[in-house]
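Commentary on secondary and tertiary structure
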Amino acid sequence: MYIVIAGGGEVGGELARTLEKAHEVVVIDRNPQARDRLAHLDVKVVVGGATDPDTLREAGVERADLFIASTDSDEVNLLASLLAKGLGAKAALCFVGKGGYVDVLADPRTAEILGTRIDKVLWPQRALAREIVEVILVPEAVDVELLAGGRLRFVEYRVKPGGPYAHRLLSGLEWPEGVLVAGVVRGQAFLSPVHPAYSELILEPGDKILFVATPAAFPELEAYFSTGRGVRRVMVIGGGNVGYMVARELTSRRVETVVIEPSRERCEWLAEELPGALVIQGDGTDLELLQAEQMAEADAVVAVTDNDEKNLLASLLAKQLGVRKVITRVSRSETRWLFEQVGIDLPLTPRQAAVRAVLDWMGPEEVEHVSTMEESIELLEVELPEDFAPKALEALARPNAMPVGLERDHRVMLYRPDLEALPGDRVYLVAAREVADEVVARLVA
């Protein structure tokens, strides 16, 4: 495909990196430095404004199979998408940060008024907020996803220094019935249970164990890792779109929530929209303020300002004050690893949700990219085609890819070596990102 991406920043740069190997990609960016920033990729960079028709023509938008608007401005993205469609782009995807745009642009009457239609409006901040809330509510987990409409739970736990699983033989550990070990992440490497090294793997501090569990078994699995009380109090640093959505969801679940936001005007709006939360105007990196508001008593702190440096400092202060779980918004992947190295429990980025949304739109209808973990592991849902040759799940497993269960006629089953996958089944897989496409192709080709 010939793909034009407007915006080479946080989201656009990641999309270019993901798509450039299999597609011809052009990136439009106002900043001339984008050429240097993206020089390691096989992409063409056009310097100019995404709403300038001449710039769009220079990028070849008239022959684009797909136009993706991913700048930092909702208004630029909307106008650029409409112009791209008007100039001949076959399809346009538009990223927005405000939920109101999603509702308006999904209304068929909007397309009638504008005379053209944006094919898909994407809102990655909402997916990020939902992910943050799920992780908060499972105290010791570093990632949580729901599968099969909540009838399976995917959860990731970190092996802690001095903990009960450090320096233990993984294959010698027993887990509750209804729980499947889906693999281990060490660094950025993923080892599935069929990997040759798996049976002799000695768990080390920092390793992450991936589990899939039924709802009935999940509380028992949680008890294997949980060491304290449940989540009662959460502090959110940053009252932007993500912070607001996180706070709204937490208060709806009766979690005591404190939001710290520097803008007086924004605080007034938050106080009105979040009557169940305590909204404080202030700097989330002000240690005296954090101590006065009893950050140390929080079960979790969420730093989601639009500034990585502020998020890092707020997170480090939270760790210093003894907060047991700190979740942080990160813009750049290179920064993400720094956050983990200094002890931040879970650095997250909207880019992951953005890439998943684009891949789902581009890929076969039978495939959904449910989640991206560690930026190197995919959690996939694949509906098997009618001409699929039945085979045991064991035959689908690879050293870096693992089927973890399937859904058939609304019945969900965890992986067993002899469990046979049939046409029409929905199979759930965990795979290293570099082989994910190959694994999916074998199932739906």
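Remember, predicted model here, so these are calculated numbers, not experimental data.

1. Points about the domain arrangement of the protein
Per the domain assignment, the segments making up the protein are domain 1 (2-122), domain 2 (141-225), domain 3 (233-350) and domain 4 (355-444). Between the C-alpha centres of domain 1 and domain 2 the distance comes to 39 Å.

2. What to know about the nonpolar core
If you look at the biggest cluster of nonpolar residues, it comprises 41 residues, and the most contacted ones within it are Val404 and Val430. Examining the composition of this core, we find that 6 residues originate from one element, strand β24 (residues 426-432), more than from any other. Each of two domains, domain 2 (141-225) and domain 4 (355-444), supplies a minimum of three residues to this core. Ignoring anything within four residues of it in the chain, the contact list for valine 404 reads Leu180, Ala182, Val212, Leu414, Tyr415, Tyr428, Leu429 and Val430. One finds Ala129, Val234, Ile327 and Leu348 within the second-largest nonpolar core, a separate group that totals 30 residues.

3. Regarding the pattern of salt bridges
Two side chains with opposite charge may pair up if their charged atoms get near one another. Under the counting rule described, the total for this entry stands at 21 salt bridges. Taking the shortest distance from any N to any O, the salt bridge between lysine 90 and aspartate 65 comes out at 3.6 Å. In this pair, lysine 90 sits in the loop between α4 (74-87) and β5 (92-95) while aspartate 65 sits in the loop between α3 (53-58) and β4 (66-69), placing the two residues 25 residues apart along the sequence. In this structure aspartate 65 comes out as partly exposed when scored by relative accessible area, which is 24%. Where salt bridges share partners, they join Glu134, Arg153, Glu249 and Arg253 into one cluster.

4. Quick word on a nonpolar patch on the surface
Together, Leu316, Leu338 and Val342 line one region of the surface with nonpolar side chains, adding up to about 220 Å² of accessible area. Mapped onto the elements of the fold, valine 342 is located in the loop between α13 (333-341) and β17 (346-348). A residue is classified by how much of its surface remains accessible, and valine 342, at 39% relative accessible area, is partly exposed.

5. Here's the deal with the sheet that holds strand β3 (residues 44-47)
Pairing is parallel across the open sheet formed by 6 strands, whose spatial order is β3-β2-β1-β4-β5-β6. The sheet is open, and its two edges are formed by β3 and β6 (120-122), each paired on a single side. Taken over all neighbouring pairs, the strand axes of this sheet differ in orientation by 20° on average, direction set aside. Strands in contact with helix α1 (residues 10-19) are β1 (2-6), β2 (24-29), β4 and β5; relative to β1, the strand with the most contacts, it is inclined by about 160°.

6. A short note on the packing of aromatic side chains
Under the counting rule described, the total for this entry stands at 9 aromatic pairs. Their ring planes at 0° and their centres at 4.0 Å tell us that tyrosine 157 and phenylalanine 225 sit as a pair that is stacked. Taken together, the residues tyrosine 157 in strand β8 (residues 152-158) and phenylalanine 225 in helix α8 (residues 218-225) connect sequence positions 68 residues apart. Tyrosine 157 gets classed as buried once you look at its relative accessible area, which sits at 1%. An aromatic cluster is built from Tyr157, Tyr165, Trp175, Phe211, Tyr224 and Phe225, whose rings are joined through pairwise contacts. Above the plane of the ring of tyrosine 2 lies arginine 63, whose end atom (NZ or CZ) is 3.9 Å from the centre. Seen from the ring of phenylalanine 218, arginine 153 lies directly overhead, with NZ or CZ sitting 4.3 Å from the centre.

7. Overview of the pairing of strand β16 (residues 325-329)
Taking burial as the measure, the 5 residues of β16 include 5 buried ones, the bulk of the element. Residues of β16 alternate between two faces, with Lys325, Ile327 and Arg329 on one and Val326 and Thr328 on the opposite face, all of them buried. Both strand β15 (residues 300-303) and β16 contribute to a ladder of 4 bridges, which runs parallel. Bridge pairing in β16 places alanine 303 opposite threonine 328. What joins β15 to β16 is helix α12 (residues 308-320), and the crossover it makes is right-handed. Across 3 bridges, the pairing between β16 and β17 is parallel. Paired with isoleucine 327 across the bridge in β17 is leucine 346.

8. Topic: the sheet that holds β17
Spatially, β14-β13-β12-β15-β16-β17 is the arrangement adopted by the 6 strands of the open sheet, whose pairing is parallel. This sheet does not close on itself; its edge strands, each paired only once, are β14 (278-281) and β17. Across the sheet, the mean angle from the axis of one strand to that of its neighbour is 15°, orientation sign disregarded. Packed on one face of the sheet, helix α9 (residues 241-252) meets β12 (233-237), β13 (256-261) and β16 and runs near 165° to β13.

9. Quick look at the environment of glutamate 145
Inspection of the secondary structure puts glutamate 145 in strand β7 (residues 141-147). A residue is classified by how much of its surface remains accessible, and glutamate 145, at 12% relative accessible area, is buried. On a C-alpha basis, the gap between glutamate 145 and leucine 348 in space is 14 Å, while along the polypeptide they are 203 residues apart.

10. Re α1
Across the 10 residues of α1, 7 count as buried, placing the element largely inside the fold. Among all positions of α1, only Val11, Gly12, Gly13, Glu14, Leu15, Ala16 and Leu19 are buried. Each element contacted by the buried residues of α1 is listed here: β1, β2, β4, β5, α14 (350-362) and α15 (433-444).

11. Details of the pairing of β15
Burial along β15 is two-sided: the face carrying Ala300 and Val302 and the face carrying Val301 and Ala303 are both buried. Alignment of β12 against β15, held across 4 bridges, turns out to be parallel. Opposite methionine 235, over in β15, you have valine 301 as the bridge partner.

Rules of the game
- Residues numbered from 1 in each chain as written.
- Predicted model: local features only at pLDDT ≥ 70, side-chain atom pairs only at ≥ 80, totals over all residues.
- Heavy atoms only, no water.
- Domains from an automatic or database assignment.
- Core = buried A, V, L, I, M, F, W, Y, C linked by side-chain atoms within 4.5 Å.
- Buried < 20%, exposed > 50% of the residue type's maximum accessible area, 1.4 Å probe, protein only.
- Helix = DSSP H or I, 4+ residues; strand = E, 2+ residues; numbered from the N terminus.
- Contact = heavy atoms within 4.5 Å.
- Salt bridge = Lys/Arg side-chain N within 4 Å of Asp/Glu carboxyl O.
- Patch = residues over 30% accessible without salt bridge, like charges linked within 9 Å, V, L, I, M, F, W, Y side chains within 5 Å.
- Areas by Shrake-Rupley, 256 points an atom, 1.4 Å probe, with all protein chains shown as cover.
- Pairing = 2+ DSSP bridges.
- Axes fitted to C-alpha atoms, helices over the stretch in contact; angles between N-to-C directions.
- Phe/Tyr/Trp six-rings, centres within 6.5 Å; stacked < 30°, edge-to-face > 60°.
- Lys NZ or Arg CZ within 6 Å of the ring centre and 35° of its normal.
- Right-handed = clockwise from strand over helix to strand, strands pointing away.

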